[in-house]
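The primary structure of each chain is shown beneath.
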Amino acid sequence: LLDIYESVNALPSIKKAFVGSGVRYDMLLNPQAKGEEKASHERYTKELITKHVSGRLKVAPDHTSDQVLKIMRKPSFKLFHLFKRQFEKISAKIGKKQQLIPYFISAHPGTEIEDMANLACETNELGFHLEQVQDFTPTPMTVATEIYYSGVHPYTGKPVSQNRDERTKKLQNLFFFWYKKENRGAVQHELSKIGRPDLWERLTQRKRI
């Protein structure tokens, strides 16, 4: 990839080659990588953030709940925390104000209201007002879609909760934008209804880390 970036940058009509999204930070932070492989990951991460970010880089953790991420076959959100620290450290070192923009999905099979509330809390504590979000949309030939239509995980044979009705989907989506005046009452009411008023208190007592 770095060879491709350098080849593009070398073209007379190109001033800079930027990467906007699609970075698999979980591969760059693979804990099993050793030696030359690990060194190549570190070099790519440094070069990417130093030379190929045009102010903002979009990445897709998809969720913060390890339970939901397991169903998605995605790594733990802890890796996003690690990548965020690397991104901010390298950006500060080169004197650039760059933004990391995370992408999240609501109403994915297996996602409960409590998962969405915790997502709202974690992203709020990280200093994000989310913008790159969407409701889960079934896509042909994916495990998630098979779970969505069958209600069962094909690898375990166990049932997985669904979020097919419009009310549930809209409610889960509200947690992305809990901070908007028109949404706060509904979010607070829902957390009270499920017996988690503590999550509303956590949301409204923001401590950025």
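Scroll up to find the structure this text is about.
Read on for an overview of the structure. Along every chain, residues carry numbers that run from 1 in the direction the sequence is written. Given that the model is predicted, a residue must reach a pLDDT of at least 70 before its local features are reported, and side-chain atom pairs must reach 80 or more before they are shown or counted; all residues, however, enter totals for whole chains, interfaces and linings. To obtain the side-chain values, all non-hydrogen atoms of the structure were included, while hydrogens and water were left out.

## Section: the packing of aromatic side chains
Then comes step 1: Here the aromatic set is Phe, Tyr and Trp, taking the six-membered ring for Trp, and pairing holds for ring centres within 6.5 Å; pairs whose planes are under 30 degrees apart are stacked, those over 60 apart are edge-to-face, and all others are tilted. Scanning the model with the defined rule gives twelve aromatic pairs in all.
Then comes step 2: Between Tyr 148 and Tyr 149 the ring centres are 5.0 Å apart and the planes differ by 90 degrees, which places this aromatic pair in the edge-to-face class.
Then comes step 3: Only protein chains enter the accessibility calculation, which uses a 1.4 Å probe. A residue is then buried if its area is under 20% of the maximum for its type, exposed if over 50%, and partly exposed in between. Using a relative accessible area of 61% as the deciding quantity, one classes Tyr 149 as exposed.
Then comes step 4: Ring geometry for Trp 178 versus Trp 200: centroids 6.2 Å apart, planes at 90 degrees, classification edge-to-face. Linking Trp 178 in the loop between α8 (166–174) and α9 (181–193) with Trp 200 in helix α10 (residues 197–204), this pair joins segments that are 22 residues apart in sequence. The same class applies to Trp 178 and to Trp 200, which are both buried. We count a stretch as a helix when DSSP gives it H or I for four or more residues in a row; a strand needs E for two or more, and each element gets its number in order from the N terminus.

## Some remarks on the pattern of salt bridges
Then comes step 1: We define a salt bridge as a contact between a side-chain nitrogen of Lys or Arg and a carboxyl oxygen of Asp or Glu at a distance within 4 Å. This model, assessed by the stated rule, comprises twelve salt bridges.
Then comes step 2: Glu 125 serves as the salt-bridge partner of Arg 202, at 2.7 Å between the closest nitrogen and oxygen. One end of the pair, Arg 202, is in helix α10; the other, Glu 125, is in helix α6 (residues 113–125), with 77 residues separating them in the sequence.
Then comes step 3: For Glu 166, the salt bridge identified is with Lys 169, shortest N-O distance 3.9 Å. Remark: Lys 169 and Glu 166 occur in helix α8; sequence separation between them is three residues, near one turn of the helix.
Then comes step 4: Accessibility expressed as a relative area gives 17% for Lys 169, which makes it buried.

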